[in-house]
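Analysis of the macromolecular model
Take a look at the letters that make up each chain.
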Amino acid sequence: MSRFWSQVARDLTPYVPGEQPKIANLIKLNTNEHPCPPSPRVVEAIRAEVGDDGARLRLYPDPNADLLKQAIAARHGVTTREIFVGNGSDEVLAHAFQALLKHDAPLLFPDITYSFYPVYCGLYGVDHVAVPLATDFSIDPADYIDRDVQPGGIIFPNPNAPTGRLLALDAVERIVAGNPDSLVVVDEAYIDFGGATAIPLTQKHDNLLVIHTLSKSRSLAGLRVGFAVGHPDLIEALERVKNSFNSYPLDRLAIVGAVAAIEDEAYFQQCCAAVIASRESLVGQLTEIGFDVLPSAANFIFARHPQRDAGELAQALRAESIIVRHFRLPRIDQFLRITVGSDEQCSSLVAALRRLLA
Ligand SMILES: *Cc1c(COP(=O)(O)O)cnc(C)c1O
């Protein structure tokens, strides 16, 4: 703190991302990155954009990233006017909080959810109410419908983070249809690992915004690309905030890389299938050694061991160069969130856990 800090800076409680340790040979299962590299076409596209002398990097990128919007529109069967792109979905989410979710009535989100949501509420002064998940850690749509006060908005990840639990598409639609005068934002960061996207519902419901990222299922966390799909009026609000903040959130390399990733459907399907297969195998092995594992439709699992403290297990794994995520938060402090790594990484994890539990 110094006398130069604004009141805004003083009042913030920033988000703390999972660590990115600079240690070699680490088994990193703490931030839900994909174990496979991105499509080879991504690398080719970025190389081509850089060229021999990098001359194109002299020039600003397309502020509207039209090529990327076209690729996303084609992939999801919508028009480019229904798409907003940003520097990672975190930026898209941030703009949504400011442009669409800040109203007099409080915003609703689950008590156990992506911990960036309360941080954006703090940054933008958005009042919110945490709606408790059911005891099985599922979202009950009834909790979001027919409330005494019409919500200022609703946001939740599907599958939820850090639980991994999926809400069926008809339940998502019940929440959307039950709140025609509140915006519902569905953060589908993990939808490609086993869920059905709500994007088609945006054609029917003008109060639905669906947010995706290329960080998880497209193996591009390092490129920073996310997007939102919704009614053009919603997109316009996001564009207004974006164009009052940073005209060029996506650089030239991110635009061409993201287009190539989205166009390589076969590679994408193959990598998602590989993670899903590894997840099922990991769940089986962890159950065998006594863990309770929540049903996961994501590229991570949320598990607890009835006899062992989760914080201690996380520490012990760390001593073996395996990093998982542990949240010291009410209701979930006995769980570990473990990213589904390669089969080799999963085997090392299970072997280490077997030793620790012996
Ligand atoms: C990882 C994640 C994001 C952020 O993704 P980026 O596109 O990398 O910013 C958003 N929401 C949830 C629920 C996530 O887990």
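Please refer to the structure placed before this passage.
Structural notes, computed from the coordinates. (Residues numbered from 1 in each chain as written. Predicted model: local features only at pLDDT ≥ 70, side-chain atom pairs only at ≥ 80, totals over all residues. Heavy atoms only, no water.)

**Let's talk about the pattern of salt bridges**
Inspection of every chain in the model, using the stated rule, returns 13 salt bridges. In this structure, Arg41 engages Asp264 in a salt bridge whose closest nitrogen and oxygen atoms are separated by 3.8 Å. Here Arg41, found in helix α2 (residues 40-50), pairs with Asp264, found in the loop between α8 (252-263) and α9 (265-288); they are 223 residues apart in sequence, far enough to count as distant. According to the relative accessible area criterion, Arg41 is partly exposed, its value standing at 41%. (Salt bridge = Lys/Arg side-chain N within 4 Å of Asp/Glu carboxyl O. Helix = DSSP H or I, 4+ residues; strand = E, 2+ residues; numbered from the N terminus. Buried < 20%, exposed > 50% of the residue type's maximum accessible area, 1.4 Å probe, protein only.)

**Considering the sheet that holds strand β5 (residues 153-157)**
Taking strand neighbours across the sheet as the criterion, the seven strands line up as β2-β8-β7-β6-β5-β3-β4 in an open arrangement whose pairing is mixed. Edge positions in the sheet fall to β2 (83-86) and β4 (128-131), since each of these pairs with one other strand and no more. Adjacent strand axes in the sheet meet at a mean angle of 20° when their direction is disregarded. Pairing of strand β3 (residues 107-110) with β4, which is carried by four bridges, proceeds in the parallel orientation. Its bridge partner lying in β4, Leu108 is registered against Val129. (Pairing = 2+ DSSP bridges. Axes fitted to C-alpha atoms, helices over the stretch in contact; angles between N-to-C directions.)

**Details of the site of the ligand**
Around the ligand there are 13 residues in total, and Ser89, Tyr190, Thr213, Ser215 and Lys216 lie nearest to it. At 2.7 Å, a side-chain N or O of Asp187 approaches a nitrogen atom of the ligand. In this structure, an oxygen atom belonging to the ligand sits 3.1 Å away from a side-chain N or O atom of Lys216. Its free accessible area being 390 Å², the ligand has 93% of it covered by the protein chains. No other element matches the four residues that helix α4 (residues 88-101) contributes to the shell around the ligand. In terms of residue class, the shell around the ligand is made up of five nonpolar, four polar and four charged. (Near = heavy atom within 4 Å. Polar contact = N/O pair within 3.5 Å; in protein donor to acceptor, adjacent residues only side chain to side chain. Areas by Shrake-Rupley, 256 points an atom, 1.4 Å probe, with all protein chains shown as cover. Nonpolar A, V, L, I, M, F, W, Y, C, P; charged D, E, K, R; others polar.)

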